[in-house]
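Listed below are the residues making up each chain.
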Protein chains: 2
Amino acid sequence: MKPSPVTLKQLAQALGLSVSTVSRALRGRPEIAPATQQAVRQLAQQLDYQPNQLAQSLVHSATKTLGVVVPDLGYHFYAAVLYSIEQAAAQAGYSVLVAQSHESQALEAAGVQNLLRAQVEGLLVALARDTTDYAHLHRLIERQVPLVFFDRHADGLPATAVVVDNQAAACQATQHLLASGRRRIAFLAGPPTLHLSNQRLAGYHQALAQAGLPPPPGYVRHVDYTAQTASREALALWQLPHPPDALLTVSDRVAYPAMHALRRAGARIPEQVALVSFNNEPACEYMTPSLSSVAQPLAQIGQAAVALLLAQIKAPKPTLPQRVVLATELVVRASSGGEMG
Amino acid sequence: MKPSPVTLKQLAQALGLSVSTVSRALRGRPEIAPATQQAVRQLAQQLDYQPNQLAQSLVHSATKTLGVVVPDLGYHFYAAVLYSIEQAAAQAGYSVLVAQSHESQALEAAGVQNLLRAQVEGLLVALARDTTDYAHLHRLIERQVPLVFFDRHADGLPATAVVVDNQAAACQATQHLLASGRRRIAFLAGPPTLHLSNQRLAGYHQALAQAGLPPPPGYVRHVDYTAQTASREALALWQLPHPPDALLTVSDRVAYPAMHALRRAGARIPEQVALVSFNNEPACEYMTPSLSSVAQPLAQIGQAAVALLLAQIKAPKPTLPQRVVLATELVVRASSGGEMG
DNA sequence: ATGAAAGCGCTAACAC
DNA sequence: GTGTTAGCGCTTTCAT
């Protein structure tokens, strides 16, 4: 079943005009007689004519379509950024084609491939966790495909990226914990392959170093974002001979089960262990205690990424890669509120 | 900057062949001499030739693209279903174009329009809350555009839909509350324009009627899914002369702030008020107390919707509308656990 | 086994 | 003002 088989040719025949006249009339070109305009418009409306964008795109070699590659739409962060990407794109008259990498480098490469075949005018990508070989992305750059990374970017690649200063954010979060009197601060990090996690780890170390407090051995643990490892590692920390009095986690997804496990193990939060996390998902506010978290500028990330991509698309010459660093905001809630207990 | 300006013609010229031969070789047609195949393949690889899907689509009048229209990707439910839609589509060799209605009928109609212009082969849609006039959808059906509704469907429209039995699910949830000894059960519903909410309301009424317990006046309250109205109405219920001993909410988004407000007001959950909600978002498990919620079969919804849509696309004749009703599962947690306090 | 030509639906350069 | 022609990149008869 074809969507709409009404074509310019059919309109032309029905009206006894040529296709080009009909085409011009529909686009309101001034050279067409008002009477003709009228007639064409009316019939088009009546037959519910829809221009075939495929054909238009082929002629103009511009599809008015952007491609987005994200690891996983089940993560609130990516869904929320896609929200603002779609919105910004729509406002600019662009459509959005999405592909998920499911954290796999192979799927990511395949997704990029598919989007390119679909002739997207540019690509917005957040890297898969598994992506270590950047060949498929390098090709894009060589081919001068308009490209903007967001959130998870490839540090070595000469490409535009919209990011937050993860290190500074983690440093700030750690300093906040230090300021409330915490001295034994642990960190539940993501997989070591995750750049973003390493940056946060660096910020954590930075703050501790500045305070002259190196983390005790075993105070940094890597988890894979599953509830299982998160709660296991949180408990392991709690059961240390000298347990931490504060815990920074790489993501709310990790913080929820960690906090849950700690509470079940009898830890009083924030009195015995303060918690600060990243992402500030909507549910943070409703946790018990409410969860302190570093808010990402979700809307801004999407808007900036789309704006930068459109700029690249419109630019006559290849543009210089730039790094846009957006501000985060530490939202302090009960899980790290008040002084030490 | 064009993605990849390498065309069949260029390959043909470089090899001293005709475009048709190159085209055939690339597609591995048997009539092409092995040597030629070889040569063509190699050059294509070397030049990183990418077929222009636009042109292919134009010839075949098939874009291998599906359109999805959802109210809001910030809602976990829609993001999660899009997750499975994209996955199922990708497995079938289809791409996914997304549009958001932002709960507005006008934007929904515009989104559909845009997707059609982009020549999507079919549409997956969850209606906007504001959609009361189905004209734009009726046109799709008349034009026999392959179409599958999910979650929020138009009851009067002769179209295929993938849904859950909201009434039965709400009935079951209410019965669960009754079984634990609750007798004064209130319901925080969504806007009265929301079909899905009305169905759940019906299920609630059904269970109460069966138990011979009509809800006290004022026990059904409509909220607009904002935290503000949710907590306000929950409090209003709690401050009634005869407050409820159980609360059913139309969505987790409503349940979180409602539960939060109740606890701040001193209500002990589940002893004084039991809570059951809908959607079973990941955070439910980590609420205090953990939140009982009706789980939607997210993956199945996406998979079924895509399967039904592809079936329509492939069918030579228009297919009969069908309603696929998927099973929900009440996940009982602490917020409604145990007998009455 | 390969090439020439037509056409998918549309726009644009060039007549008249 | 309007029609004719060519062409976007590809596939597909139809020849040879």
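Owing to the predicted nature of the structure, the values given are computational and were not obtained by experimental measurement. (Residues numbered from 1 in each chain as written. Chains lettered and ligands numbered in written order. Predicted model: local features only at pLDDT ≥ 70, side-chain atom pairs only at ≥ 80, totals over all residues. Heavy atoms only, no water.)

Concerning the pairing of strand β8 (residues 246-249) of chain B
All names here are of chain B. Spelled out, the test is: Partly exposed residues are those whose accessible area sits between 20% and 50% of the maximum for their type, while under 20% is buried and over 50% is exposed, using a 1.4 Å probe and protein chains only. Counting from the N terminus, the helices are DSSP H or I runs at least four residues long and the strands are E runs at least two residues long. Strand pairing follows a simple DSSP-based rule, namely that at least 2 bridges must link the two strands.
Burial along β8 is two-sided: A246 and L248 facing one way and L247 and T249 facing the other are all buried. Here strand β6 (residues 185-189) pairs with β8 via four bridges, running parallel. Each bridged residue has a counterpart across the sheet, and for I185 the counterpart in β8 is A246. Here β8 runs beside strand β9 (residues 274-279); their pairing, made up of three bridges, is parallel.

Section: the protein's contact with DNA strand D
Applied cut-off: By convention in these notes, a residue is near a molecule or strand provided one of its non-hydrogen atoms lies within 4 Å of it. Pairs of N or O atoms within 3.5 Å make up the polar contacts considered here, provided that, within protein, one atom can donate a hydrogen while the other can accept it, and that residues adjacent in sequence are counted only when both atoms are side-chain atoms. Amino acids are sorted into nonpolar (Ala, Val, Leu, Ile, Met, Phe, Trp, Tyr, Cys and Pro), charged (Asp, Glu, Lys and Arg) and polar (every other residue, Gly among them).
In the vicinity of DNA strand D, 25 residues are found, and the nearest of them are S20 and T21 of chain A together with L8, S23 and Y49 of chain B. The side chain of S23 of chain B places a nitrogen or oxygen atom 2.6 Å from a phosphate oxygen of DNA strand D. H60 of chain B places a polar side-chain atom, nitrogen or oxygen, 3.3 Å from a phosphate oxygen of DNA strand D. Looking at the surface near DNA strand D, the elements that each hand over two or more residues are α2 (19-26) and α4 (53-60) of chain A together with α2 (19-26) and α4 (53-60) of chain B. When residues of the surface near DNA strand D are assigned to their parent elements, the largest contribution, four residues, is made by α4 of chain B. Taken together, the residues of the surface near DNA strand D sort by class into ten nonpolar, eleven polar and four charged.

Structural notes on the interface of chain A and chain B
Here is the rule: Should any heavy atoms of two residues lie within 4.5 Å, those residues are considered in contact. The term buried area denotes the loss of accessible surface (1.4 Å probe radius) that occurs when two parts are joined, taken as the sum for both partners. A carboxyl oxygen of Asp or Glu within 4 Å of a side-chain nitrogen of Lys or Arg is what we treat as a salt bridge.
Taken together, the contact between chain A and chain B spans 57 residues of the former and 57 residues of the latter. A combined buried area of about 5,200 Å² lies between chain A and chain B, and 58% of that area is made up of carbon and sulfur atoms. For D48 of chain A, the salt bridge goes to R139 of chain B, with nearest N and O atoms at 3.7 Å. Of all elements in the fold, only α4, α5 (76-91), β2 (95-100), α6 (105-117) and α11 (252-264) of chain A reach the threshold of two or more residues within the side of chain A that touches chain B.

Some remarks on the relation of the copies chain A and chain B
Two chain copies, one operation linking them: a rotation about an axis together with a shift along it. As a reminder of what qualifies: Superposition of the copies was done by least squares, using only C-alpha atoms of residues whose pLDDT is at least 70 in both.
After a rotation of 180° and a shift along the axis of 0.0 Å, chain A superposes on chain B with an RMSD of 0.1 Å. On this basis, the relationship between the two copies can be described by a two-fold rotation axis. Relative to the rotation axis, the closest C-alpha in chain A is found at L97 of chain A, a distance of 2.3 Å. Interface overlap between copies: 100% of the residues of chain A at the interface are likewise at the interface in chain B, consistent with a symmetric, same-surface contact.

Section: the protein's contact with DNA strand C
In the region of DNA strand C, 25 residues are neighbours, and L8, S23 and Y49 of chain A together with T21 and R24 of chain B sit closest. Separating a base nitrogen of DNA strand C from a backbone N or O atom of A55 of chain A is a distance of 3.5 Å. Within the contact set of DNA strand C, a phosphate oxygen lies 3.1 Å away from a side-chain nitrogen or oxygen of Q56 of chain A. Broken down by secondary-structure element, the contributors of at least two residues to the surface near DNA strand C are α2 and α4 of chain A together with α2 and α4 of chain B. In terms of residues, the surface near DNA strand C owes the most to one element, α4 of chain A, which gives four residues. Counted by class, the surface near DNA strand C contains ten nonpolar, eleven polar and four charged residues.

What to know about the domain arrangement of chain A
Interface size is commonly expressed as the accessible area that is lost once the parts come together. Residues and elements named next belong to chain A. What counts, and what does not: Domains are outlined according to an automatic or database domain assignment.
For chain A, the domain assignment lists domain 1 (1-59), domain 2 (60-164 + 298-328) and domain 3 (166-295 + 330-336). A C-alpha centroid distance of 35 Å is found between domain 1 and domain 2. Residue-level contacts link five residues of domain 1 with four residues of domain 2. For the pair domain 1 and domain 2, the two sides together bury roughly 340 Å², of which 36% comes from carbon and sulfur.

Looking at unusual backbone geometry
Omega for the bond connecting I269 of chain B with P270 of chain B falls within 30 degrees of zero, at 10°, which places this linkage in the cis form. Counting through the fold element by element, P270 of chain B comes out in the loop between α11 (252-264) and β9. The step from T288 of chain B to P289 of chain B runs through a cis peptide bond, and the omega angle for that step is -10°. Note that P289 of chain B resides in the loop between β9 and β10 (292-295). Of note in this structure, D48 of chain A is not a glycine but carries a positive phi near 55°. Along the chain, D48 of chain A falls in the loop between α3 (34-47) and α4. Although it is not a glycine, Q144 of chain A sits at a positive phi angle of roughly 60°. Locating Q144 of chain A in the fold gives a position in the loop between α7 (135-142) and β4 (147-150). Owing to a relative accessible area of 36%, Q144 of chain A belongs among the partly exposed residues under this scheme.

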